[in-house]
Amino acid sequence: MIDVRLIREDPERVKAALGRRGVPAEDVDAIVRLDVEHRAALARAEQLRARVKSLSRDVGEARRRGDVEGAAGLADESRRAGEEERDAATRTDRLAIELRARLLTTPNLPADDAPDGAGPDDNVVRRTWWPGHDDGAPEPVPAPHQRVPHWDTGTALGILDMAGGARLAGSMFPLYRGEGARLLRALTSLALASHADMYEEIRPPTLVSTETMTSTGHLPKFADEAYHVERDDLWAIPTAEVPLTSMRRGEILDEAELPIRLMAVTQCFRREAGAAGRDTRGLLRVHEFEKVELFAYATPAQAAAVHTDILARAEGLLHALELPYRVVDLCAGDLGASAARTLDLEVYAPGVDRWLEVSSVSWFGDYQARRANVRYRPEAGGPPVLVHTLNGSALAWSRIWAAIVEWGRQEDGSVRLPGVLAPWLGADPVIRPR
RNA sequence: GGAGGGAUGGCAGAGCGGACGAAUGCGCGGCUCUUGAAAAGCCGUGGGGCUCCGGUCCCCGUGGGUUCGAAUCCCACUCCCUCCGCCA
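In what follows, the accompanying structure is described. (Residues numbered from 1 in each chain as written. Chains lettered and ligands numbered in written order. Predicted model: local features only at pLDDT ≥ 70, side-chain atom pairs only at ≥ 80, totals over all residues. Heavy atoms only, no water.)

Quick look at the overall build of chain A
Each helix and strand in chain A was counted, giving 13 helices and 16 strands. For chain A, the C-alpha atoms occupy an extent of roughly 105 × 45 × 45 Å along the three principal directions. Residues classed as buried in chain A amount to 50% of the 434 residues present. Counting contacts in chain A only where the partners sit at least 6 residues apart, residues at least 24 apart contribute 74% of the total. Accessible surface, chain A: about 20600 Å² in total, of which carbon and sulfur atoms supply 49%. Charge separation in chain A, taken as the distance between the mean sites of 55 positive and 67 negative side-chain charges, equals 4 Å. (Helix = DSSP H or I, 4+ residues; strand = E, 2+ residues; numbered from the N terminus. Buried < 20%, exposed > 50% of the residue type's maximum accessible area, 1.4 Å probe, protein only. Contact = heavy atoms within 4.5 Å. Areas by Shrake-Rupley, 256 points an atom, 1.4 Å probe, with all protein chains shown as cover. Lys, Arg positive; Asp, Glu negative; His and termini not counted. Charge placed at Lys NZ, Arg CZ, Asp CG, Glu CD.)

Following this line, the structure appears as C-alpha cells:
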C-alpha cells in the first residue's frame, strides 16, 4: 500500500506518479474523497465515544456517593449517546473498509529513475554480457548445432519429458529425468553455496494463508494468477518472496539487525491465466518451477546498496554459467504492481532465439512493508519506521535449464554443461544419449 | 481426529466489571557513585489513528454479544502447548 497521508497531502504528485503507469487520476480523487469522509465520520464517532466514557465514569461516581436516582439518569443519558455512537461507528467502519480496499488495489509509485513507458516495448536495455565480452569479443553467434530448441534436445537425451508432465498434471508442468533432474539440483546447490556468505538459507512453507499472500500484493488483485486450495483456504506461492516477506510480519526490528538477508529455494506455482497460448512450448512458460530467491529487509538508506548486491549476485551466477544475458530496466508501465523499480535479467536462448526472463530484481520501498506491518526502531530514537523490502531471483531454473541445454548442445547432439557445476556433476559433465 | 491447557507490552508474568494502556521482575536507555567496569541506587522506557496541537480515540489472539461502563462476563473462530490416535 502507498501511504494514505501522501495521497491526502500531495494528491497531484501521486496522480502524476501513478499516471506514469496508467492509473487514471479519478482513482486517486476517489481515494481522497473517501479519506475526507472517513475522517469526518471518525471524528464524530469519537466525540460520541468520549461522551459515553465520561458519563459512565459519572455513573460509577454517583453510585459510590449513594445517589441512586442520579446514577440512573446518567445511565439513561449514556445509553442514548451509546446508540448514536454505534451508528456513527458503523458508518466509520464501512468507509474504512472501502478505503482500505481501494488502497490495497492501488499499485506502488514508480521510482523516479524508472524509465517512462507504457509497456514491454518501452523497457530499456541497460547492458548486455556474454562470455568473452571482457576481451572485446564480438557478439556471440550460436553455431548451427546450438540452434535446436531445448525440448527437442531434452526429449532426445531423455532428460525432459513434457508429455510425461502433461500426463500427470496437464500441459506446462515439466517432468525432468535423470541428468536433467540432476542438473536442476546442481544449479540449486551452486546458487545456495554462492550466496551463503551473506544470506541465511530458509526453507519456508509453499502453501500460505490469504494474509501472507496479501502482504506482498499478490492478493486481492491477482487471485486469478495463483493456485488456491479451497478446502483449507491456502495458496500455492508464486515465489519465495511471499513467505519471506511475511517472515517478520507485524514485528518491530532493531535497526542493528538490518539489513536482514534471506535466501530460499522453493517450487513456484503460477496459473499464467493471462498468458494463454503465448510462449507455451517446452520450458518457456510453465506452471511449476524451481527458483532460488534472494530477499532483504533494509532501512531506506540501505535499500539501494542491497538492490545492487542482489543484482550483482544474479549476474554473477550468469557469468559463472557462461550464459549471455542482458539487463532490462522496466519502464513505469511494465512494473509489477508492488514494485517501485525493477531490473530484469534475460538470458539469450539460441535454440528458440529468444531472450528469456530469468530474474527480476525489485525494490518495493515500503509498499509491502506497510501491508505486512514490518518496521524497525531507529537507533537515533523516534517512532518505528517501515522497512524497505527487496528481492530478486538468483535464479529461476526452468529457463536457465533451457538456455544451458541449448548453448551446451554439441554437434553430436550431446550437451556439455558449465564447468562451474563440476562439484555436483563430476569432472566430465556431458549429457549423452542413453 | 479425541481430551485438556493457554493467548496480556521487547521478554517473563499479575490483573474483585468502575480513572487499567495495564502491577511486578527481567531487558533496554539516562543519571549518581567509580580511575574504568561491575554491583548498588535513582529516573525513564508499548503501538497506532484523528486533531481547531488544547486534546481525543483505538489496541490485552480475532470477530460478535451483554452492560451506563469489558483485559475482566457470554458466544464463535484462529493459533500455540501437552497427552492420546493416525502417519512420512
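Quick notes on the environment of Asp-116
By the secondary structure assignment, Asp-116 is in the loop between α4 (68-104) and β1 (124-129). Under the relative-accessibility criterion, Asp-116 is labelled exposed at 58%. For the pair formed by Asp-116 and Arg-79, sequence separation is 37 residues and the distance between their alpha carbons is 58 Å.

Some details on the packing of aromatic side chains
As enumerated under the stated definition, the model contains six aromatic pairs in all. An aromatic cluster is present here, built from Tyr-348, Trp-355 and Trp-407 joined pairwise through their rings. (Phe/Tyr/Trp six-rings, centres within 6.5 Å; stacked < 30°, edge-to-face > 60°.)

Examining the pairing of strand β9 (residues 325-329)
Among the five residues of β9, four are classified as buried, and the element is accordingly described as predominantly covered. In terms of strand pairing, β9 meets strand β10 (residues 341-349) through five bridges, oriented antiparallel. Bridge pairing links Tyr-325 to Val-347 in β10. (Pairing = 2+ DSSP bridges.)

As for the sheet that holds strand β3 (residues 207-208)
Taken together, the three strands give an open sheet; going across it, the order is β3-β5-β4, and neighbouring strands pair in antiparallel fashion. Looking along the sheet, the strands with just one partner apiece sit at the ends: β3 and β4 (228-229). Of the pairings in the sheet, the one linking β3 to strand β5 (residues 234-236) comprises two bridges and is antiparallel in character. Note that in β5 the partner of Val-208 across the bridge is Trp-235.

Here we look at helix α10 (residues 300-321)
Over its 22 residues, α10 runs 33 Å from end to end, which matches the ideal 32 Å to within 8%, given 1.5 Å per residue. Inspection of α10 places Ala-303, Val-306, His-307, Asp-309, Ile-310, Leu-311, Arg-313, Ala-314, Glu-315, Leu-317, Leu-318 and Leu-321 among the buried residues, and these make up the whole buried set. A positive backbone phi angle near 60° is found at Glu-322, which sits one or two residues after α10. (Expected span 1.5 Å × (residues − 1).)

Looking at the packing of helix α3 (residues 25-65) against α4
α4 packs onto α3 with a crossing angle of 155° between their chain directions and a minimal axis gap of 7 Å. One way to sum up the angle between α3 and α4 is to call them roughly antiparallel. When you trace α3 past α4, the crossing you get is left-handed. The class makeup of the residues in the contact of α3 with α4 is 21 nonpolar, five polar and 13 charged. (Axes fitted to C-alpha atoms, helices over the stretch in contact; angles between N-to-C directions. Parallel < 35°, antiparallel > 145°, perpendicular 65-115°, else oblique. Left-handed = near helix turned anticlockwise from the far one by under 90°. Nonpolar A, V, L, I, M, F, W, Y, C, P; charged D, E, K, R; others polar.)

Quick word on the nonpolar core
In this structure, Leu-318, Leu-323, Ile-400 and Trp-401 are the most contacted members of the largest nonpolar core, which totals 57 residues. Contact partners of Leu-318, with chain neighbours within four places excluded, come to Trp-129, Leu-323, Tyr-325, Leu-345, Val-347, Val-358, Leu-395 and Ile-400. Listed in part, the 18 residues of the second largest apolar core include Val-23, Leu-34, Leu-99 and Tyr-367. (Core = buried A, V, L, I, M, F, W, Y, C linked by side-chain atoms within 4.5 Å.)

Quick word on the side chain of Arg-341
Relative to the helices and strands, Arg-341 resides in strand β10. Of note is the side chain of Arg-341, whose polar atom sits 2.5 Å from the side chain of Asp-329. In this view, Arg-341 contacts Ala-111, Asp-113, Ala-114, Arg-126, His-307, Asp-329, Leu-335, Val-361, Ser-362 and Trp-363; residues no more than four positions away in its chain are not counted. (Polar contact = N/O pair within 3.5 Å; in protein donor to acceptor, adjacent residues only side chain to side chain.)

As for the protein's contact with RNA strand B
Taken together, 21 residues sit near RNA strand B, with Arg-39, Glu-46, Arg-49, Ser-56 and Ser-78 positioned nearest. Within 4 Å of the protein, atoms of RNA strand B come from sugar and phosphate in 71% of cases. With respect to RNA strand B, the side chain of Arg-39 contributes an N or O atom lying 2.6 Å from a phosphate oxygen. One of the side-chain N or O atoms of Lys-53 is found 3.0 Å from a phosphate oxygen in RNA strand B. Taken together, the elements giving at least two residues each to the surface near RNA strand B come down to α1 (4-9), α3, α4 and β12 (375-377). Ranked by residues supplied to the surface near RNA strand B, first place goes to α3 with 12 residues. The class makeup of the residues in the surface near RNA strand B is five nonpolar, two polar and 14 charged. (Near = heavy atom within 4 Å.)

Side note on the pattern of salt bridges
Should their charged atoms come close, side chains of opposite charge can pair. Inspection of every chain in the model, using the stated rule, returns 29 salt bridges. Between Arg-20 and Asp-116 there is a salt bridge, with the nearest N and O atoms lying 2.8 Å from each other. On the criterion of sequence distance, the pair formed by Arg-20 in the loop between α2 (11-19) and α3 and Asp-116 in the loop between α4 and β1 is long-range, its members being 96 residues apart. Here Arg-341 ties to Asp-329 by a salt bridge, and the two come within 2.5 Å at their closest N and O atoms. Of the two residues, Arg-341 is situated in strand β10 and Asp-329 in strand β9; the sequence distance between them amounts to 12 residues. (Salt bridge = Lys/Arg side-chain N within 4 Å of Asp/Glu carboxyl O.)

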